[in-house]
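# Topology and contacts: notes
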There are 4 protein chains.
Amino acid sequence: MFSIRTDLAVEARELYKEGYAGEIPGVSVEEKNYEGVKVVKVSILNEQGVQAMGKPVGDYITIEAPDLKERDLKLEENVAKILANVIKQITTLSAETNILVVGLGNWNVTPDALGPKVVSDIIITRHLKEIIPDEFGNEISAVSAIAPGVLGITGIETVEIVKGIVDRIKPDILITIDALASRRIERLATTIQIANTGISPGSGIGNMRLAINQESIGIPVIAIGVPTVVDAATIANDTIEYLTNSLIKQTKEDSPFYTVLKNMGSEDKYALIREVLNPYVKDLMVTPKEVDSLIENISSIISKGINMALQPNMTIEEMNQLVH
Amino acid sequence: MFSIRTDLAVEARELYKEGYAGEIPGVSVEEKNYEGVKVVKVSILNEQGVQAMGKPVGDYITIEAPDLKERDLKLEENVAKILANVIKQITTLSAETNILVVGLGNWNVTPDALGPKVVSDIIITRHLKEIIPDEFGNEISAVSAIAPGVLGITGIETVEIVKGIVDRIKPDILITIDALASRRIERLATTIQIANTGISPGSGIGNMRLAINQESIGIPVIAIGVPTVVDAATIANDTIEYLTNSLIKQTKEDSPFYTVLKNMGSEDKYALIREVLNPYVKDLMVTPKEVDSLIENISSIISKGINMALQPNMTIEEMNQLVH
Amino acid sequence: MFSIRTDLAVEARELYKEGYAGEIPGVSVEEKNYEGVKVVKVSILNEQGVQAMGKPVGDYITIEAPDLKERDLKLEENVAKILANVIKQITTLSAETNILVVGLGNWNVTPDALGPKVVSDIIITRHLKEIIPDEFGNEISAVSAIAPGVLGITGIETVEIVKGIVDRIKPDILITIDALASRRIERLATTIQIANTGISPGSGIGNMRLAINQESIGIPVIAIGVPTVVDAATIANDTIEYLTNSLIKQTKEDSPFYTVLKNMGSEDKYALIREVLNPYVKDLMVTPKEVDSLIENISSIISKGINMALQPNMTIEEMNQLVH
Amino acid sequence: MFSIRTDLAVEARELYKEGYAGEIPGVSVEEKNYEGVKVVKVSILNEQGVQAMGKPVGDYITIEAPDLKERDLKLEENVAKILANVIKQITTLSAETNILVVGLGNWNVTPDALGPKVVSDIIITRHLKEIIPDEFGNEISAVSAIAPGVLGITGIETVEIVKGIVDRIKPDILITIDALASRRIERLATTIQIANTGISPGSGIGNMRLAINQESIGIPVIAIGVPTVVDAATIANDTIEYLTNSLIKQTKEDSPFYTVLKNMGSEDKYALIREVLNPYVKDLMVTPKEVDSLIENISSIISKGINMALQPNMTIEEMNQLVH
């Protein structure tokens, strides 16, 4: 079956609710609003929730700030602070915690370069604590970071690289950053998802071999993600939705044609989308024209948020001096 | 009215022929086929052709090589040679000719960076001829080049910059390179258009103030372009085409619904597309995921073709040594 | 004769004073000190000063802030403000002034990329004033900018490109930004020179054909420069100075050897330097290992300073939103 | 004691021979000459050789091609082929061999980016053999690659990252690529050293904790290196050598001054160099101005050589298609 891909729990929920009335069994939702920022916590509580949402049990917190599209320095700072707070709530951090930050994705493909970009602005301290412990010992956390690249670049599954490093340096917590796909254009580079479930490529069901999570790595994994692309299939699919809805409105409910439209199921839609996009379905992406600078901005917000969460004893100015 | 944007004469012709049977008045077409490469020459002959095609009088030669998508060094070399021949046919070049090559577009936006990229591999000789004329005098043409940036970066209309430089250094011919928009995904980074009409932003009608052509610049302008994006609107539009066609087939010709569908004109389609994409219509682009490396390849082919055309007395090896 | 190259008036003065006691005829000097920042104004007043300094008549203001090497955000802001003030003092600016900013140098060579980097962060407004004059008319100055590249890249003398553009868009003032060579390692990326004399390649004497100044361009030219390299010859020369001084100290004043050393003139030194560096004298540069990030920092300071000077009606926040 | 740093065995030998007549005990040397290329094999045979050379027991093969400075495509191809042959001689490779290539160094610092650059052009096949073994099984070797970054970027010793990955994916051989420091300007980007001893930071004596070699990693390590910088101290030191030699020639052998000069030992020289460069001794580098393009070229030669050695069943054309 054709499935519109979404990496966001809030979107999985939206999709579910398009089909079914009422709340989703096994899923709890909490929403808070700040000035220009909405924070939604979707918790998948049990197997029922897993089935409905297609994602593993855990908490998925989404920070949505549509106005990030226009550069607003104050908003950017607020989002960084909210992100820092979410990270601190979702995990337990102290100056003793040893954290490894992993930037996933391919630095050669602009919309996939988010993870490596964030990692390049993380304040790295693990070696300082080891080399000059007297100076840094109790003040700062030990933070290390790596951007391992993708399978096509290394020939090695990312989880293997990460597991290898974790086995050597034994951090307490892993934080991953990754570019996601969204169903909604307006979420591109304006939404951040933080999950305590790690990363499960291919919707979290099956393919556990490639997952980067507590089970595969052996330590808690916080996954931070930002949608940077919409699949071209989403555009085609949305067009079809609108078009059929629009035609249905113009058709009498008792006409035989109404039935045809109503019953045009996923299969038919999929056939249509394939006709439109084939043979490019998998290889196309839809992005805003200014994708380069949008990703630059959101990367800088995320690295700031992570730095604030991991180094609560540093001032913003000290951080700026330490970031290259 | 909503108009699907295309910069390619071959596509303008295709669009015309979707609506009307028969050849286009005032337009002549010639087609040649080489191994894996199709060369189509569309000539707009008179005002009738201008009206039908929405482009100025002149020759538009398109080199189409769909297999450029997979790296095939032999094909790449062939396309470079064909490009060189087209350039030589469309203009008159000798060792005395003084040529200015202009790479249009914004180097910060990957799909718009084609022009600047090509320019960076053009063999620059104008200063050598001036400084050491004895060594280079009769062997090489005087080639200079610039990538002036875009209005948002410079605050200056590109035509003003180009005109200013042309007035100072008085070249005989101007060659521009620019990224184009196509209607067809399969043309992205696999098709090259060479026109002797220059560049007329916004479809060549009106807005002559911004055109870079013989009229505005005072010397012949050869415009080389490659489609690197498809507008998201094209995807939506294509979906609607397929969907309505598909529904029409399922509907009896004498039913009133058939009429509704048949008559769903551009206006309705536009409304639908706006619903889908709004408010992002102008800001979205659809590109292949590997757009960075595709543009790298086609840029290198184009610069090779231009170098071969402009420096017929140099061997490939001499050229490789001169290119940085 | 071998001459240690310096682009800085303060260094030309230092060199002069090494040879001669007392102040330099035809040159006046003023010095101010702020917290961690020294501002020196060297004014060459007449032909006597021109001869002594090897630079044209005019004002050369140097901002020296050695601590810029360690990232200190407060100091960076102070230097930007001081730069803005110097620019405002050295020229006359109003909201009516039309300014063209030109980033000189080669973006492919890290230490020469300063000019293009600064230009990429200048707030560009000229087109906004033209397109939407009601909104911007009296609030902002018309600023345009270009990074034309270097002769080896374009085949065109930079002055020709600049003159061509100036003739078309007729700005009131030209501001150039360029990377300089210094004699002193500690000045690299920590010193800014602002001169109202324009740029005169090759020490300002002769070669007026290539100068970018009021004479060649027709409007006042403010030249902003930052040393980013020390010639390798400087290192060799300094070594020789130290060594001969050190040997002289160990030698009796009446010994014949003392005389030999004392009389080892420029010619002999030059021969030695040539032995050491030959055949690389011109092609080597000495830079700090972290040159990339140092140039990043100082570029950002300079663009901030220029933006503050040119747009006094904007707040820092408005500027940040407008810079890409 | 101040020691001029060299990573090249041929230079360690040169330095030794400056001080002592005759061949070095425990070291054998073989030299071959091809058109424009000199290949020198220095073998350190025993503890005596280790003491004299300051490097571990093993073979160090140097390919020297000074003309690489001017782009000569034929020479480049020859050097790539010679490199491929040296790699094949120094190790045992078959289609069954599983190879991990590691690009050492910091991609943000131009002269240190050699390793990461080479890695980006290595043909990666390990995942293809695993995913589609039928198609690739016996034809190609399993090659994987990573550029792990440097301690300041990751907070993790490189050897830890490499060891972690090796423990997971169990390759048979490790190949490292690294930028080196040379004593001689003319060797920059024109000399390649291949050693079967791995990498021992800090001259191979002591600090074994950081070495990447068979002892630390558990598999054979081939280290490929290219000098890309000369320390500024080398320039100063060379100047002093030339100057003292020159002064000695002018001095009578029986004069007391002759003795002073003759006896100016390392200590005094070090003091002088420190006076000249202090406090920048460690932070300065001397590079050719065109360092960016030189490193681009030599990187491409090395990746070609490695690809030829590791994939003897592929044609050059197949390789070009597989390299991004």
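All values reported here derive from a predicted model rather than from experimental measurement. (Residues numbered from 1 in each chain as written. Chains lettered and ligands numbered in written order. Predicted model: local features only at pLDDT ≥ 70, side-chain atom pairs only at ≥ 80, totals over all residues. Heavy atoms only, no water.)

## Concerning the environment of Asn108(B)
Condition: The numbering of helices and of strands both runs from the N terminus, where a helix is a DSSP run of H or I of at least 4 residues and a strand a run of E of at least 2. Three exposure classes are used, based on accessible area relative to the maximum for each residue type with a 1.4 Å probe and protein chains only: buried under 20%, partly exposed in between, and exposed over 50%. By definition, residues are in contact when any of their heavy atoms lie within 4.5 Å.
Tracing the backbone shows Asn108(B) in the loop between strand E4 (98–103) and helix H4 (114–119). By relative accessible area, Asn108(B) is classed as partly exposed at 47%. Through-space distance from the C-alpha of Asn108(B) to that of Ile153(B) is 9.8 Å; in sequence the pair is 45 residues apart. Setting aside residues up to four positions removed in sequence, Asn108(B) forms contacts with Asp292(A) and Ile153(B).

## Description of the pattern of salt bridges
Going by this rule: Whenever a carboxyl oxygen of Asp or Glu lies within 4 Å of a side-chain nitrogen of Lys or Arg, that contact is scored as a salt bridge.
Tallying each qualifying case throughout the model produces 40 salt bridges over all chains. With a closest N to O distance of 3.9 Å, Asp167(C) and Arg168(B) form a salt bridge. Of this pair, Asp167(C) sits in helix H8 (residues 158–169) while Arg168(B) sits in helix H8 (residues 158–169), which puts the two residues in different chains. In this structure, Lys81(D) engages Glu77(D) in a salt bridge whose closest nitrogen and oxygen atoms are separated by 3.5 Å. Placement of both Lys81(D) and Glu77(D) in helix H3 (residues 73–90) is noted, with a separation of 4 residues, approximately one turn of the helix.

## Remarks on the packing of helix H3 (residues 73–90) of chain C against helix H13 (residues 291–310) of chain C
Residue and element names in this part refer to chain C. In plain terms, the rule: A fitted line through C-alpha atoms serves as each axis, taken over the contacting stretch for helices, and the angle formed by two N-to-C directions is quoted from 0 to 180°. Put simply, angles under 35 degrees are roughly parallel, angles over 145 are roughly antiparallel, angles from 65 to 115 are roughly perpendicular, and the rest are oblique. Handedness of a helix crossing follows the sense of rotation of the near helix relative to the far helix, less than a right angle counterclockwise being left-handed and clockwise being right-handed. Classes in brief: Ala, Val, Leu, Ile, Met, Phe, Trp, Tyr, Cys and Pro nonpolar; Asp, Glu, Lys and Arg charged; the others, Gly included, polar.
One can describe the packing of H3 onto H13 by two numbers: an axis separation of 8 Å at closest approach and a directional angle of 45 degrees. Classified by the angle their axes make, H3 and H13 are oblique. Crossing geometry of H3 relative to H13 is assigned as right-handed. Of the residues in H13, those touching H3 at Glu76, Val79, Ala80, Lys81, Leu83, Ala84, Ile87 and Lys88 are Asn297, Ile301, Ile302, Lys304, Gly305, Ile306, Met308 and Ala309. Its residues assigned to classes, the contact of H3 with H13 shows 10 nonpolar, 2 polar and 4 charged.

## Quick word on the pairing of strand E9 (residues 284–288) of chain C
Most of E9(C) is tucked away: 5 of the 5 residues are buried. Every second residue of E9(C) is oriented toward a common face, with Leu284(C), Val286(C) and Pro288(C) on one face and Met285(C) and Thr287(C) on the other, all of them buried.

## Description of the side chain of Asn307(D)
Turning to its location among the elements, Asn307(D) is positioned in helix H13 (residues 291–310). Here Asn307(D) is in contact with Asp121(D), Ile122(D), Ile123(D), Met319(D) and Val323(D), once residues within four sequence places are set aside.

## Focus on helix H1 (residues 9–19) of chain B
Within H1(B), burial applies to Ala9(B), Val10(B), Glu11(B), Ala12(B), Arg13(B) and Tyr16(B). In this structure, the buried residues of H1(B) make contact with strand E1 (27–34), strand E2 (37–44), helix H2 (47–53), strand E3 (58–64), strand E6 (173–182) and strand E7 (191–195) of chain B.

## As for unusual backbone geometry
As a rule of thumb, non-glycine residues mostly have phi less than zero, and peptide bonds are mostly trans rather than cis. For Ala189(A), which is not glycine, the phi dihedral falls at a positive 60 degrees. In this structure, Ala189(A) sits in the loop between strand E6 (173–182) and strand E7 (191–195). On the basis of relative accessible area, Ala189(A) is assigned to the buried category, the value being 7%. The backbone phi angle of Lys170(B) is positive, close to 50 degrees, even though this residue is not glycine. Taking relative accessible area as the criterion, Lys170(B) reaches 57% and is therefore assigned exposed.

## With respect to a negative patch on the surface
Basically, it comes down to this: Residues forming no salt bridge and having over 30% relative accessible area are the ones grouped into patches, like charges within 9 Å of each other and nonpolar side chains (Val, Leu, Ile, Met, Phe, Trp, Tyr) within 5 Å. Reported accessibility uses the Shrake-Rupley method at a 1.4 Å probe radius. Residues are deemed covered only where the shown protein chains occlude them. We count Lys and Arg on the positive side and Asp and Glu on the negative side, and we leave His and both chain ends out. The atom standing in for a charge is NZ when the residue is Lys, CZ when it is Arg, CG when it is Asp and CD when it is Glu.
Together, Asp67(A), Glu70(A), Asp72(A), Glu139(C), Glu317(C) and Glu318(C) make up a negatively charged patch on the protein surface. Residue placement: Glu139(C) occurs in the loop between helix H6 (133–136) and strand E5 (142–146).

## Some words on helix H3 (residues 73–90) of chain B
All names here are of chain B. To keep things clear, this is the line we draw: Helix span is expected to be 1.5 Å times the residue number reduced by one. Whenever a nitrogen or oxygen atom comes within 3.5 Å of another N or O atom, the pair is scored as a polar contact, on the condition that within protein one atom can donate a hydrogen and the other can accept it, and that pairs from neighbouring residues in sequence are kept only if both atoms are in side chains.
For H3, with 18 residues, the first-to-last C-alpha span of 26 Å sits near the 26 Å given by 1.5 Å per residue. Residues of H3 that are buried include every one of Leu75, Glu76, Val79, Ala80, Ile82, Leu83, Ala84, Val86, Ile87 and Ile90, and no others. Where H3 starts, the residue carrying a side-chain oxygen 3.1 Å from the main-chain nitrogen of Lys74 turns out to be Asp72.

## Examining the environment of Thr154(B)
Within the element layout of this structure, Thr154(B) appears in helix H7 (residues 151–154). Here Thr154(B) falls in the buried class, since its relative accessible area comes to 1%. Put simply, Thr154(B) and Asn108(B) are 46 residues apart on the chain and 13 Å apart in space, counted from C-alpha to C-alpha. In contact with Thr154(B), not counting residues within four places along its chain, are Pro148(B), Gly149(B), Ile161(B), Ile124(C), Ser144(C) and Ala145(C). Polar contacts involving the side chain of Thr154(B) include one to the main-chain carbonyl oxygen of Ile156(B), which spans 3.0 Å.

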